[in-house]
Amino acid sequence: MRKKIVAANWKMNLNLIEGADLINEIYKGLPELNESNEVVIAPPFLHIPQTVTQLANMEYVFPGAQNCHHEAAGAYTGEVSASMLNNAEVKYVIIGHSERRQYFGEDDAMLAKKTNQVLANNMQVIFCCGEPLEVREQGGQNDYVEAQLKAGLFHLSEAHIKNVVIAYEPIWAIGTGLTASSAQAQTMHQHIRAVVAEQYGAAVAAEITILYGGSCKPGNAAELFSCEDVDGGLIGGAALNADDFLAIVSAMINS
Ligand code: PGA
């Protein structure tokens, strides 16, 4: 059975004290999780050792990172490698978030290398894809997302693709308060699963977790997660508030 996941992407928010407080609040209200209902928390790099310590006694809540460098090591001032993250006990790394693509010029070739680094270091990838508004307005979203998946992921072996979670995040919905309708999300998620099936076969596609991201919040999580091909969410703004985040986690468990 494929896993459901709710993953928090804190982005560049919260100092160390605020981060520790937020995890304490989440801990107090966390519903029971299991191997098919996981939570991931991806704080800024600086938080990671503290977050790992805090999550150590929370079952099925795993530390994540928001990025890593595409080379293994070397003279890349200011960067963090996948092997450092693995050594720090990170389990998931978000790759290809639209903010990384847009503000840091990360292209498909670089994202393919980053994906390789994460998998070579025994962590799992949360690979983000999603179209800008003008592409959706012209009806080109399916082709756009398919091209992102092919360029970033489809060089992987079957064994490796099993360690990838795909997150569909339409750019027009991220941080805007606009959410894809559940019908729009389901249509795209079904397309993503079909594209994975074409490359890797139906059995592999059936096991791939596909998250929705983009203004997912307590008021819309249950409806989004009730869609057949929506296996949870990648949560930005609403992950910075314990009550909101916990409500979204509960929506996943009850979906
Ligand atoms: P949002 O961000 O929930 O604030 O829209 C989601 C994301 O960018 O991962």
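These figures come from a predicted structure and were not determined experimentally.

K.L.:
Hey, could you go over the overall build of the protein for me, with residue numbers and the actual values?
P.N.:
If you tally the helices and strands in the protein, you get twelve helices and eight strands. In terms of overall dimensions, the protein is globule-like: its C-alpha atoms have a radius of gyration of 17 Å, near the 18 Å expected for 255 residues. In terms of overall dimensions, the protein has a C-alpha envelope of 45 × 45 × 35 Å along the principal axes. Counting only contacts in the protein whose residues sit at least 6 apart along the sequence, the fraction spanning at least 24 positions is 72%. About 11200 Å² of surface is accessible on the protein, with carbon and sulfur atoms providing 51% of the total.

K.L.:
Tell me what's going on with the site of the ligand, and back it up with residues and numbers.
P.N.:
In the vicinity of the ligand, the contacting residues are Asn9, Lys11, His97, Glu169, Ala173, Ile174, Gly175, Gly214, Ser215, Leu234, Gly236 and Gly237. Gly175 is positioned with one of its backbone polar atoms (N or O) 2.7 Å from an oxygen atom of the ligand. Across the complex, the protein chains shield 95% of the 280 Å² of accessible surface that the ligand would expose by itself. Partitioning the shell around the ligand into residue classes produces three nonpolar, seven polar and two charged.

K.L.:
So what's going on with the pairing of strand 7 (residues 210-213)? Which residues, and what values?
P.N.:
Alternating residues of strand 7 divide into Ile210 and Tyr212 and Leu211 and Gly213, and every residue in both groups is buried. Note that strand 6 (residues 164-168) and strand 7 share three bridges and pair parallel. Directly across from Ile166, in strand 7, lies its bridge partner Ile210. Inspection of the sheet shows strand 7 paired to strand 8 (residues 232-235) by two bridges, in the parallel sense. By the bridge assignment, Tyr212 is partnered in strand 8 with Gly233. Taken together, strand 7, helix 11 (residues 218-225) and strand 8 form a β-α-β motif whose crossover is right-handed.

K.L.:
Explain the packing of aromatic side chains residue by residue, including any values.
P.N.:
To describe a pair of aromatic rings, you give the distance between the ring centres and the angle between the ring planes. Evaluated as defined, the whole model comprises three aromatic pairs. Their ring planes at 50° and their centres at 6.5 Å tell us that Phe62 and Tyr92 sit as a pair that is tilted. Residue Phe62 is located in strand 3 (residues 61-65), and its partner Tyr92 is located in strand 4 (residues 92-95); the two are separated by 30 residues in the primary sequence. Judged by its relative accessible area of 2%, Tyr92 falls in the buried class. Note on Phe154 and Tyr200: the rings are 5.5 Å apart at their centroids and 85° apart in plane angle, and the pair reads as edge-to-face. One end of the pair, Phe154, is in the loop between helix 7 (141-153) and helix 8 (158-161); the other, Tyr200, is in helix 9 (residues 182-200), and 46 residues separate them in sequence.

K.L.:
Outline unusual backbone geometry, supporting the account with residue identities and numerical values.
P.N.:
The backbone of Tyr60 sits at a positive phi, close to 65°, despite the residue not being glycine. Within the secondary structure layout, Tyr60 lies in the loop between helix 2 (48-55) and strand 3. The phi dihedral of Glu89 falls on the positive side, at around 80°, and the residue is not glycine. Along the polypeptide, Glu89 turns up in the loop between helix 3 (82-87) and strand 4. A residue is classified by how much of its surface remains accessible, and Glu89, at 49% relative accessible area, is partly exposed.

K.L.:
Before we move on, can you summarise the packing of helix 11 against helix 12 (residues 242-254) with the specific residues and values?
P.N.:
Running from amino to carboxyl end, helix 11 crosses helix 12 at an angle of 15°, the nearest separation of the two axes being 9 Å. Compared by their axis directions, helix 11 and helix 12 come out roughly parallel. Remark: the crossing between helix 11 and helix 12 carries right-handed chirality. Counted together, Pro218, Ala221, Ala222 and Phe225 of helix 11 and Asp244, Ala247, Ile248, Ala251 and Met252 of helix 12 form the full contact between these two elements. By residue class, the composition of the contact of helix 11 with helix 12 is eight nonpolar, no polar and one charged.

K.L.:
An account of the environment of Ala109 is requested, with residue identities and associated values reported.
P.N.:
Considering the arrangement of structural elements, one finds Ala109 in helix 5 (residues 108-120). Through-space distance from the C-alpha of Ala109 to that of Cys129 is 14 Å; in sequence the pair is 20 residues apart.

K.L.:
Let's hear about the sheet that holds strand 7: which residues, and what values?
P.N.:
Pairing is parallel around the closed barrel formed by eight strands, whose spatial order is 1-2-3-4-5-6-7-8. Pairs of neighbouring strands in the sheet enclose a mean axial angle of 25°, with direction left out of account. With two bridges joining them, strand 3 and strand 4 adopt parallel strand pairing. Looking at the pairing, Gly64 lines up with Tyr92 of strand 4.

Cut-offs and rules
- Residues numbered from 1 in each chain as written.
- Predicted model: local features only at pLDDT ≥ 70, side-chain atom pairs only at ≥ 80, totals over all residues.
- Heavy atoms only, no water.
- Helix = DSSP H or I, 4+ residues; strand = E, 2+ residues; numbered from the N terminus.
- Rg over C-alpha atoms; globule rule 2.2 N^0.38 Å.
- Contact = heavy atoms within 4.5 Å.
- Areas by Shrake-Rupley, 256 points an atom, 1.4 Å probe, with all protein chains shown as cover.
- Near = heavy atom within 4 Å.
- Polar contact = N/O pair within 3.5 Å; in protein donor to acceptor, adjacent residues only side chain to side chain.
- Nonpolar A, V, L, I, M, F, W, Y, C, P; charged D, E, K, R; others polar.
- Buried < 20%, exposed > 50% of the residue type's maximum accessible area, 1.4 Å probe, protein only.
- Pairing = 2+ DSSP bridges.
- Right-handed = clockwise from strand over helix to strand, strands pointing away.
- Phe/Tyr/Trp six-rings, centres within 6.5 Å; stacked < 30°, edge-to-face > 60°.
- Axes fitted to C-alpha atoms, helices over the stretch in contact; angles between N-to-C directions.
- Parallel < 35°, antiparallel > 145°, perpendicular 65-115°, else oblique.
- Left-handed = near helix turned anticlockwise from the far one by under 90°.

From the geometry alone we can't say anything about function, so treat these as descriptive.
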